[in-house]
Amino acid sequence: MASDSEPQAPFFDSLPYYDNDLEVHSILREKVQHELAVETQKSQQDKLHPGIPPPHELFTNHPFLAAELRRVEARQSLSAIDTTRYQLPAPTTTPGTDEEWKAALDNAHAQLEHQRIRHNNLALLQQYGNNAWRIHNFLLEADTKKAEKLLEELREQTTEVNRDRKNTQTRIGNQLTSLETRWTELISSVLQIEMANVALEVEVDLLNRRETELASAL
C-alpha cells in the first residue's frame with residue numbers, strides 16, 4: 001500500500017493541446033461560450049472573487065498620511081500652504097511693543113538661517129548633484145537591464161514549459177488515439193464473433209430439428 005508521502009502519478013484530466021472537441025462539435029463551443037458569458041456576468045455583479053483577499057488598509061499608524069490619502073480619494077483640493085512664516089512682517093502697531101519687535105527679529109533670524117541653508121544646499125547640489133544624478137541613472141539602467149534579462153529568461157522558460165506540455169500532450173493524445181482505435185477494433189471483432197456464434201447456433205438448431213424429423217420419419 002502506498003503511503004501518503006509517496007508522490008502520486010500525474011492525472012491528465014484534459015489535453016488542451018490535443019483535444020479538438022470544440023472544433024469538431026459546434027454544440028460544445030456554444031455551451032462553453034454560454035457558460036463563459038454567465039460566469040462573466042456573475043463576476044461583474046459580485047464584489048470580489050472569494051479567492052481575492054480583503055483590501056489592505058494603508059497608513060494605519062500614520063494618521064496624517066491616511067487623512068491625505070482620503071483627501072486624494074475624495075478629489076478634494078489641497079489646502080493652500082501657509083506662506084506667512086516665509087515673510088518678514090513688521091509689528092502691526094506703531095510704535096511696536098518690545099515683544100512684537102522681538103518676535104519680528106526672531107523671525108528675521110529664522111529666515112536668514114533658512115536662506116543660508118538653502119544657499120549651502122544649492123552649492124552642494126551644483127558641485128555634486130550632476131555626478132549623483134549620473135550615478136543614479138547608471139544604477140537605474142543597470143537595474144532595468146537586470147529586470148529585462150530576468151523577464152526574457154522567464155519568457156524563455158514559459159515557452160519551454162508550453163513546448164514540453166504540447167509535446168507531452170501530443171504524445172499522450174496519440175497513444176490514446178491508438179488505444180481507442182485498438183479498442184474499437186477489438187469491440188468490432190467481439191461483435192463479429194458474437195454474430196457468428198448466433199448464426200452457428202441457428203444452424204445447429206436447424207440441424208437438430210432436421211435430425212429429429214429424419215429420426216421420426218424412420
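Note that the coordinates shown come from a computational prediction; the quantities given were computed from them, not determined experimentally. Within every chain, residues take consecutive numbers counted from 1 along the sequence as written. Where totals are concerned, whole chains, interfaces and linings use all residues; where local detail is concerned, this predicted model gives features only for residues with pLDDT of at least 70, and gives and counts side-chain atom pairs only at 80 or more. Think of the side-chain values as coming from all heavy atoms in the structure, minus any hydrogens and water.

1. Description of the UniProt feature "coiled-coil region" (unreviewed entry) in the protein chain
UniProt positions are given in the numbering used here, feature names are shortened, and annotations may be inferred rather than shown by experiment. Per the UniProt record, "coiled-coil region" (unreviewed entry) is annotated on residues 137–171. Counting from the N terminus, the helices are the DSSP runs of H or I reaching at least four residues and the strands are the DSSP runs of E reaching at least two. Overall, residues 137–171 shows 100% helix and 0% strand. The separation of its end C-alpha atoms is 50 Å.

2. Let's talk about the side chain of arginine 71
With respect to the element layout, arginine 71 can be found in helix H3 (residues 63–73). Any pair of nitrogen or oxygen atoms within 3.5 Å is treated as a polar contact; in protein, a donor-acceptor pairing is required on top of that, and neighbouring residues in sequence qualify only through side-chain atoms on both sides. Here glutamate 68 takes part through its side chain, which lies 2.4 Å from a polar atom of the side chain of arginine 71. Sequence-distant contacts of arginine 71, that is, excluding residues within four places in its chain, are made with Gln76, Ser77 and Leu78. For this analysis, residues touch if any pair of their heavy atoms sits within 4.5 Å.

3. A closer look at helix H4 (residues 98–217)
The seven residues ending at a residue and the seven starting there each receive a fitted axis; the angle between those axes is the bend at that residue. A bend of about 55° at tyrosine 128 is the largest found in H4. Remark: exposure states derive from per-residue accessible area (1.4 Å probe, protein chains only) relative to the maximum for the residue type, with buried under 20%, exposed over 50%, and partly exposed in between. Buried residues of H4: Ala104, Asn107, Gln111, Gly129, Gln169, Ile172 and Gly173, and no others.

4. Observations concerning a nonpolar patch on the surface
Like charges within 9 Å and nonpolar side chains (Val, Leu, Ile, Met, Phe, Trp, Tyr) within 5 Å are joined into patches, using only residues over 30% in relative accessible area that form no salt bridge. Areas reported as accessible are Shrake-Rupley estimates using a 1.4 Å probe. Residue values count occlusion only from the protein chains shown. A pairing counts as a salt bridge when a side-chain nitrogen of Lys or Arg comes within 4 Å of a carboxyl oxygen of Asp or Glu. Taken together, Leu22, Ile27, Leu28, Val32 and Leu36 make up a surface patch of nonpolar side chains, about 400 Å² in accessible area. A total of 4 residues in the nonpolar patch trace back to one element, the largest contributor, which is helix H2 (residues 26–45). On the basis of relative accessible area, valine 32 is assigned to the partly exposed category, the value being 37%.

5. Observations regarding unusual backbone geometry
The backbone of phenylalanine 59 sits at a positive phi, close to 55°, despite the residue not being glycine. With respect to the helices and strands, the residue phenylalanine 59 is situated in the loop between H2 and H3. If you check the backbone angles, arginine 75 has positive phi at about 55° while not being a glycine. For arginine 75, a relative accessible area of 77% puts it in the exposed group.

6. Some thoughts on the pattern of salt bridges
Pairs may arise between side chains of opposite charge once their charged atoms sit close together. Applying the stated criterion across every chain yields a total of 7 salt bridges. Of the charged contacts in the structure, one is a salt bridge between arginine 210 and glutamate 213, with a shortest N-O distance of 3.8 Å. Taken together, the residues span about one helical turn, with arginine 210 and glutamate 213 both in helix H4 at a distance of 3 residues. Overall, arginine 210 belongs to the partly exposed group, its relative accessible area being 48%.

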